[in-house]
Amino acid sequence: SALNCCDENAVTLALVDYMLPDMDGLALSKQLRAKNPTLELIMMTGGGEMNLNEESGLGSDVPILQKPFLMGDLIALVQSKMQIGEGNSVSSVASG
């Protein structure tokens, strides 16, 4: 359903969990990037250390959030990936 959502909507950032019921998050991320090469990605996992390198097909620009994480860490990462200035917030960008 994430692939369909991205087909039907203008998505600029995806927060992807590595452990998914139908496929792993790495495979989903590769498919999302194949459809939209400029899509910003953030990977999250609770399964220990992950290392995304050139062999992963995503490159090293995809940050990995270890669960559990603090909401402030997620917000800072989203702001960084979306290059949101200090005068704006994630919630105002998401809603408007």
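One can find the structure itself at the top, above this paragraph.
Source: prediction; values computed, not measured. (Residues numbered from 1 in each chain as written. Predicted model: local features only at pLDDT ≥ 70, side-chain atom pairs only at ≥ 80, totals over all residues. Heavy atoms only, no water.)

## Concerning helix H2 (residues 25-35)
Of the positions making up H2, those classed as buried are Gly-25, Leu-26, Leu-28, Ser-29, Leu-32 and Arg-33. Buried residues in H2, looked at end-on, bunch into an arc of 160°, giving them a common side. In this structure, the buried side of H2 is in contact with helix H1 (2-8), strand S1 (13-17) and strand S2 (40-45). A distance of 2.9 Å separates the backbone nitrogen of Leu-26 from a side-chain oxygen at the start of H2, and that oxygen is part of Asp-24. (Buried < 20%, exposed > 50% of the residue type's maximum accessible area, 1.4 Å probe, protein only. Helix = DSSP H or I, 4+ residues; strand = E, 2+ residues; numbered from the N terminus. Arc of directions from axis to C-beta. Contact = heavy atoms within 4.5 Å. Polar contact = N/O pair within 3.5 Å; in protein donor to acceptor, adjacent residues only side chain to side chain.)

## A short note on the pattern of salt bridges
According to the stated counting rule, one finds 3 salt bridges in the structure shown. Asp-17 serves as the salt-bridge partner of Lys-67, at 2.7 Å between the closest nitrogen and oxygen. Highlighted residues: Lys-67 in the loop between strand S3 (64-66) and helix H3 (71-82) and Asp-17 in strand S1, separated in sequence by 50 residues. (Salt bridge = Lys/Arg side-chain N within 4 Å of Asp/Glu carboxyl O.)

## Quick notes on the sheet that holds S3
Taken in spatial order, the 3 strands of this open sheet run S1-S2-S3, and their pairing is parallel. A single partner strand is all that each edge strand has here, and the edge strands are S1 and S3. Direction aside, neighbouring strands of the sheet carry axes that sit 25° apart on average. Both S2 and S3 contribute to a ladder of 3 bridges, which runs parallel. When the bridges of S3 are listed, Thr-45 appears paired with Gln-66. (Pairing = 2+ DSSP bridges. Axes fitted to C-alpha atoms, helices over the stretch in contact; angles between N-to-C directions.)

## Quick word on the side chain of Arg-33
Looking at where Arg-33 falls in the secondary structure, it is placed in helix H2. When sequence neighbours within four positions are dropped, the list of residues in contact with Arg-33 reads Leu-39, Leu-41, Leu-58, Asp-61 and Val-62.

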